[in-house]
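Chain residues, written in single-letter form:
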Amino acid sequence: MASATSANLNAVRETMDVLLEISRLLNTGLDMESLSICVRLCEQGINPEALSAVIKELRKASESLKVQQQQHTKCHFK
Amino acid sequence: MAHWSTFDKETEKETKKLIKCISGMEDEEDQNFQLALKFTWSNFRFHRFLDVDSHKVERSISGIYEKLMVHSDLRKAESWMRLTDEFLNSPLPQTDGKKTDAHYSVLSMLFSLSGSPSNNDFTERPRIKEAEAEDCFDWAKYLMEGEDIDNGLYPDTPVWSEDESEDDDSQRPISREDSGIQLDRTPPEDQDNTNKTVPVTWTVGEPGARAWLEQHVVTPYWVTHSPRFPHSLHLHSNLLNVWDQHLYNTDPLYLPEEKAFVTETQVIRETLWLFSGVKKHFIFQQHDGKVSVRNDVVVTHLTSNCLRSVLEYIAVYGQAVFRLQRFIDEVTGCSSEPCPPGSLSSHNSKKGSEPPFRTYQAFVWALNKYFTSFKEELTTIERELICNDETMTLSAVLERLGPHLSQIKVLHKVFCTGVADVPPATPNVVRASHLLNTLYKAIIEYDSVGEASEQAVALLFSLWTETVRPYLEIVDEWIVHGHLFDPAKEFIIQRNKDVPVNHRDFWYATYTLYSVSETVESEEKLNDSASGSSGGDQSSSSRQLTMVSFLKPVLKQIIMAGKSMQLLRNLHCTEAESSEKSSRDAERKDLYTLFLESVQSRLRSQETSPTNTVTDDQATRRSLIKMQSIVAQHLEMENVHDPLLAINFARLYLEQSDFQERFSGGDFIVDRSSQSVTCQTFELTLRSCLYPHIERRYIECCGNLMKTLKKDYKLLEYLQAMRNYFLLEAGDAMYDFYTAIFNKVQEKESWQQPSFLNVQLQEAVGQRYPEDSNRLSVFLENMDPSRKKHPVNNLEVLTLSYKVPWPVDIVISSECQKIYNQVFLLLLQIKWAKYSLDTLRFSGNVSEDAEVTRKLQEAPAEDVKLKEPVHQQIHRMCLLRVKLMHFVNSLHNYIMTRILHSTGLEFQHQVQEAKDLDQLIKIHYRYLATIHDRCLLREKVSFVKEAIMKVLNLVLIFSDRWQAGFGAWKIESIDKMESDFKNCHMFLVTILNKAVCRGSFPHLESLALSLMAGFEQC
């Protein structure tokens, strides 16, 4: 039983590796951690396109936040 | 959201992770995080996308393949086809089967995320093939990854590398300047047997060198990617790896993180350093005053969560220590050792112009004392740790430090509420009293817990006694030398600079009492103009926890003693007795010393007291046994055989005696050393150790002041003088003065000239009391014309003034003189009425009478009928005169003897007994109020006074008519005078009788009686 589970685990790990390669090929910018989160969410039935839209939005927002903060600190230093 | 399924919760968890992962926000409470979460949820739930269509995805896959082919990216295209195929045929973590919706869904998500796959460089990374990995995965290798298994002679000790080169030395970061381990700058040891370098010049051949190194050099665990130390392979010391493996096995998506491995000894030492106030650590990190635990630190024999929880527990205390230490540094102005409070003023050079805030300094001094002992303990532990003689674990160390840690917790709590929570702009007086109050309250609070917190109480008590020192010194300085020395303005009473001592307002307006309201934390000024004593009382009644609680019971005494002393000092400064004073001062103990001595003697006396408790105990037990037998007898007598009752009785007594034993036994055990004060004794301690000293000092000071005022400044003589002149007790002198005025009035000459009045006064007084003559003077005031209706009011322009010299004018103020003057005017009016009645000459009337008779006899017979009324008129005038005289004399007697004299006697008696100046002032005021009241001068009884004034006025009119002679009399005017008098008289009698019957004014009785007697005879 234990070996069966571990075999399954390894298979899953392998799948994730493959998926990471695909992700890299497609230049999605996801790392292993975010990819595994996405996989879990997809498995839980979240619509993939909605998910990708969210990810894009989040990236945009955090990018602009960072820019703002940098400007702020720059102003601060001036 | 209460009906959320676990599935939803799972999704929520994942969503949060996703947001954290992508946006990098860690704080879930962050507003942005919450926004992102909301946004994500709404997108997940309410989107317009269609479900995944596997055909569409397949088409996309082949589309991308074609595109890559078109771009002649053959390798990529080939990889793409292979990878997607492989993926679609592989299992997913939670989904069984191949080419499921989940697969397509994942792919579809990647498609929509993809950014121009044809443009980026991609080379497929070789992957370990599943089949190979599955069978021969080397777990040992995985677990031992990065570890070095030494096969040498000493498997447990680091291996000495013989390759030496100097070049690596400069690159090794030295990150721990202040934690102590870099004291010897010998380079850390390297464990790798590869060609890593050790820049040491010893040769291995020397036998001492290796041993020395093994003992003294610590692995540079603080360096990133530092080499791992070797450790046992026993299961117990590899719990972390076991746990990791378990996680790896159960969770396919588990990613092992980069870890920094340390040993428990290192953790212990870092803990000790943290507690001793070192600011830079590896395991603990500080960000703006917050101590946190580094995330990636692990020890091999504990899971990271377990270690983390222990370390976080330590970090809390570390933070407390850090904050306290920083406060100590702030107050002392530097990081060097603070000095005792006495010598601090010179030490505190940083703040320069600002005078030192002594209460905080004393508090810091006490804290520092505690920390010194704490650090000693830490050093002992560390020394033992270094010696390596016995096993030491983190939990053992924590247990050993347990009492200290709980004390630090108490200290930190007190510090937070007493010091840290005070807003920065708060004045020192509020800070100081707040701190003292906090300590005081904390002591009481812990005290009430009983023996459970004996340690805390002892600590707080010692802290409090230290912190209270500046206050007691200020009090001491004030009540002994009369000098309120408080440069930092921290004492609750402060001197108003603009009032000089030799000013008559000194007593009232010199000091401001600051009272701090606990609830609103705002400062209120209570000017003790309502005299020091009442000021204190007011505040204590309205606000419970104001000011410095421990001083409240003796605040009045302190204020009185301080003011008295200052006054006394100023009185004495002319006299040369300072040398004597200073010599006495040298051997005098200050208040603080006295307090400490009393505390110690009190605690010692309690130590010896148990003998008493034993006897007490025996007595109570005996009485209990006796009671029991009585009850038993009683039960027998009544023939009650109730075994249950008997058992209960027995148990009751048993319990009680048991309780007795326990109680007294507990008392024996309690170690009452000088530092430990237990159970409810704190307030008692204060009451018996501090207050008596202040009380004694108060009695002494005020007694001295009273003596000086009475003896050297003739206070009593001045009070007598006031009575002499204002209340006409110096009858002869004042008689001369006022008869001169009355004569003038009778002769219809103008008397309202200041020069005339003053000359008369000087003459009258100067003969008998030459020393007072130049103090007394008379002024004329402009009367307001509306009141100038009656002749009797003419006198009201007079103002008698007596110049009271400085220290005495605190008691006899100008307000007092005003009241004196009012009474004086009343007396003068009565005297005037009396005088004008007394001086009416019968003889004149009689001779005129005779003349009239003669005239009448000569007159024709028809005039005879007029004769009868004239005789009647004379008779009626005489009768009226006697009645008026009776009235005026009654009034005069009442006021002069019943009121002024007897009240004066009472007053003299009270003055003799007055303990302090405030009391004397109060007595004097009360005396004045009494005579003012009893002379019916109060506003409330003004109608009585009006009636009296009417009668007095009538008297003056009457005497005027009398003087004018018979011819001027008219029967109507006599009628009018009679009826007026009768009315007034009746009114007064009724009013006074009512008052007397009510019993509220016993002193009025004599007046009422005599007036009534006069009335009945009418």
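Residues numbered from 1 in each chain as written. Chains lettered and ligands numbered in written order. Predicted model: local features only at pLDDT ≥ 70, side-chain atom pairs only at ≥ 80, totals over all residues. Heavy atoms only, no water.

**Here we look at the overall build of chain A**
On a plain count of helices and strands, chain A comes out with three helices and zero strands. Mapped from its N terminus to its C terminus, chain A presents α and β elements in the order α-α-α. Relative to its full complement of 78 residues, chain A shows a buried share of 49%. Accessible surface, chain A: about 3800 Å² in total, of which carbon and sulfur atoms supply 55%. (Helix = DSSP H or I, 4+ residues; strand = E, 2+ residues; numbered from the N terminus. Buried < 20%, exposed > 50% of the residue type's maximum accessible area, 1.4 Å probe, protein only. Areas by Shrake-Rupley, 256 points an atom, 1.4 Å probe, with all protein chains shown as cover.)

**Quick word on the overall build of chain B**
Within chain B, the regular secondary structure consists of 38 helices and nine strands. Partitioning the intrachain contacts of chain B with sequence separation of at least 6 by distance along the chain shows that 72% fall at a separation of at least 24. Carbon and sulfur atoms make up 54% of the accessible area of chain B, which amounts to about 53100 Å² in all. (Contact = heavy atoms within 4.5 Å.)

**Digging into the pairing of strand β9 (residues 798–802) of chain B**
Residue and element names in this part refer to chain B. Counting buried positions along β9 gives five out of five residues, so the element sits mostly inside the fold. By the bridge criterion, five bridges tie strand β8 (residues 776–780) to β9 in an arrangement that is antiparallel. Counted as the bridge partner of Leu776 is Tyr802 from β9. (Pairing = 2+ DSSP bridges.)

**Quick notes on the packing of helix α13 (residues 358–387) of chain B against helix α15 (residues 428–449) of chain B**
All names here are of chain B. For the pair α13 and α15, interaxial distance at closest approach is 9 Å and the crossing angle is 35°. Of the residues in α15, those in contact with Thr359, Tyr360 and Phe363 of α13 are Arg431, Ala432, Leu435, Leu436 and Leu439. Looking at the contact of α13 with α15, its residues break down into six nonpolar, one polar and one charged. (Axes fitted to C-alpha atoms, helices over the stretch in contact; angles between N-to-C directions. Nonpolar A, V, L, I, M, F, W, Y, C, P; charged D, E, K, R; others polar.)

**A few points about the environment of B:Gly904**
Residues and elements named next belong to chain B. Within the secondary structure, Gly904 sits in helix α34 (residues 864–913). Taking the relative accessible area as the measure of exposure, Gly904 reaches 3% and is therefore buried. What Gly904 contacts, discounting residues up to four positions off in sequence, is Ile899 and Tyr927.

**A short note on the interface of chain A and chain B**
Each side of the interface is counted separately: chain A has 52 residues, and chain B has 67 residues. Among the residues chain A hides against chain B, the three largest losses belong to A:Leu25, A:Leu26 and A:Gln44. Together they make up 13% of the total. With a closest N to O distance of 3.2 Å, B:Glu14 and A:Arg40 form a salt bridge. Applying the counting criterion to the chain A and chain B interface returns nine residue pairs in polar contact (both at pLDDT 80 or more). (Buried area = accessible area lost by both parts, 1.4 Å probe. Salt bridge = Lys/Arg side-chain N within 4 Å of Asp/Glu carboxyl O. Polar contact = N/O pair within 3.5 Å; in protein donor to acceptor, adjacent residues only side chain to side chain.)

**Looking at the nonpolar core**
By size, the foremost hydrophobic cluster in this structure holds 211 residues, and its most contacted members are B:Trp464, B:Phe550, B:Leu900 and B:Leu917. Of the residues forming this core, the biggest block, 15 residues, is contributed by α34(B). Ignoring sequence-local partners within four residues, the contact set of B:Phe550 consists of B:Leu436, B:Tyr440, B:Trp464, B:Val468, B:Tyr471, B:Leu472, B:Leu686, B:Leu690 and B:Tyr691. Formed by 49 residues, the second largest nonpolar core is a distinct cluster that contains A:Leu26, A:Ile46, B:Ile19 and B:Leu107. (Core = buried A, V, L, I, M, F, W, Y, C linked by side-chain atoms within 4.5 Å.)

**Considerations on the layout of surface pockets**
Of the voids in this model, the second largest pocket is the one considered here, and its volume is about 1000 Å³. Of all the secondary-structure elements, those providing two or more residues to the lining of the second largest pocket are α2 (32–43) of chain A together with α1 (6–23), α9 (239–250) and α11 (304–332) of chain B. Looking at the lining of the second largest pocket residue by residue, the class counts come to eight nonpolar, four polar and eleven charged. (1 Å grid on protein atoms, 1.4 Å probe; cavity = no way out; pocket = protein on both sides within 12 Å on 5 of 7 lines; lining within 4 Å. Points joined across faces, edges and corners; volume = space filled by probe spheres on them.)

**Focus on a positive patch on the surface**
Where like charges cluster on the molecular surface, the positive patch consists of B:Lys556, B:Lys915, B:Lys922 and B:Arg926. Note that B:Lys922 resides in helix α35 (residues 917–934). (Patch = residues over 30% accessible without salt bridge, like charges linked within 9 Å, V, L, I, M, F, W, Y side chains within 5 Å. Lys, Arg positive; Asp, Glu negative; His and termini not counted. Charge placed at Lys NZ, Arg CZ, Asp CG, Glu CD.)

**Observations concerning the side chain of B:Glu270**
Looking at the secondary structure, you find B:Glu270 in helix α10 (residues 264–275). Of note is the side chain of B:Glu270, whose polar atom sits 3.0 Å from the backbone nitrogen of B:Ile283.

**Concerning the state of the cysteines**
The tally for this structure, following the rule as stated, stands at zero disulfides over all chains. The cysteine B:Cys21 is free of any disulfide, with A:Cys38 supplying the nearest cysteine sulfur at 8.2 Å. (Disulfide = S-S within 2.5 Å.)

**Section: the pattern of salt bridges**
All names here are of chain B. Counted by the stated rule, this structure contains 24 salt bridges over all chains. Among the salt bridges present, the one from Lys20 reaches Glu28, with a minimum N-O distance of 3.0 Å. A salt bridge links Arg768 to Asp736; its shortest N-O distance comes to 3.1 Å. Here Arg768 is found in helix α29 (residues 754–768), whereas its partner Asp736 is found in helix α28 (residues 731–746), with 32 residues between them in sequence.

**Remarks on α2(A)**
Residue and element names in this part refer to chain A. A rise of 1.5 Å per residue sets the reference length of α2, with its twelve residues, at 16 Å; its end C-alpha atoms lie 16 Å apart and thus fit the reference within 8%. Most of α2 is tucked away: ten of the twelve residues are buried. A positive backbone phi angle near 100° is found at Gly45, which sits one or two residues after α2. (Expected span 1.5 Å × (residues − 1).)

**Topic: the confidence of the model for chain A**
Here chain A shows a mean pLDDT of 83. Residues at 70 or above account for 85%. The secondary structure element of chain A with the lowest average pLDDT is helix α1 (residues 2–25) of chain A, at 80, and the one with the highest is α2(A), at 89. (pLDDT = per-residue confidence, 0-100.)

**A few points about unusual backbone geometry**
With the exception of glycine, most residues fall at negative phi, and the peptide bonds are largely trans. All names here are of chain B. Positive phi, close to 50°, is recorded for Lys714, a residue that is not glycine. Inspection of the secondary structure assignment puts Lys714 in the loop between α26 (691–711) and α27 (715–726). By relative accessible area, Lys714 is classed as partly exposed at 45%. At Leu728, a position not held by glycine, the phi torsion is positive, near 55°.

**Some words on the pairing of strand β2 (residues 284–287) of chain B**
All names here are of chain B. In the sheet, β2 pairs with strand β3 (residues 290–293) via four bridges, with the strands oriented antiparallel. Counted as the bridge partner of His287 is Lys290 from β3. Connecting β2 to the antiparallel partner β3 that follows it, the hairpin turn spans two residues, and Asp288 within it adopts a positive phi of roughly 35°.

**A closer look at the environment of B:Phe122**
With respect to the helices and strands, the residue B:Phe122 is situated in the loop between α5 (101–113) and α6 (130–135). As a C-alpha pair, B:Phe122 and B:Lys76 span 46 residues in sequence and 7.0 Å in three-dimensional space. Leaving out residues up to four positions away in the same chain, B:Phe122 has contacts with A:Glu21, A:Arg24, A:Leu25, B:Arg75, B:Lys76, B:Ser79 and B:Leu83.

**Brief notes about the packing of aromatic side chains**
Overall, the coordinates contain 26 aromatic pairs over all chains when judged by the stated rule. Relative to B:Phe111, the ring of B:Trp80 lies with its centre 6.0 Å away and its plane at 50°, an arrangement referred to as tilted. Pair noted here: B:Trp80 is in helix α4 (residues 74–88) and B:Phe111 is in helix α5, with a separation of 31 residues, a long-range link. Per residue, the accessibility class of B:Trp80 equals that of B:Phe111, and both read buried. Seen from their ring centres, B:Phe327 and B:Phe363 are 6.0 Å apart, and the 55° between their planes marks the pair as tilted. A residue pair is termed long-range when its members are at least 10 positions apart, and B:Phe327 in helix α11 and B:Phe363 in helix α13 qualify at 36 residues. The ring centre of B:Tyr248 lies 3.5 Å from the NZ or CZ of A:Arg13, which sits over that ring. (Phe/Tyr/Trp six-rings, centres within 6.5 Å; stacked < 30°, edge-to-face > 60°. Lys NZ or Arg CZ within 6 Å of the ring centre and 35° of its normal.)

**Notes on the packing of α10(B) against α11(B)**
All names here are of chain B. One can describe the packing of α10 onto α11 by two numbers: an axis separation of 8 Å at closest approach and a directional angle of 25°. Regarding the angle of α10 to α11, the classification is roughly parallel. Contacts between α10 and α11 involve Val267, Thr271, Leu274 and Phe275 on the former and, on the latter, Leu311, Ile314, Ala315, Tyr317, Gly318 and Val321. (Parallel < 35°, antiparallel > 145°, perpendicular 65-115°, else oblique.)

**Regarding α26(B)**
In this model α26(B) runs 29 Å from its N-terminal to its C-terminal C-alpha over 21 residues, within 8% of the 30 Å that 1.5 Å per residue would give. When we look at burial in α26(B), the residues that qualify are B:Tyr691, B:His693, B:Ile694, B:Arg697, B:Tyr698, B:Cys701, B:Cys702, B:Leu705, B:Met706, B:Thr708, B:Leu709 and B:Lys710.

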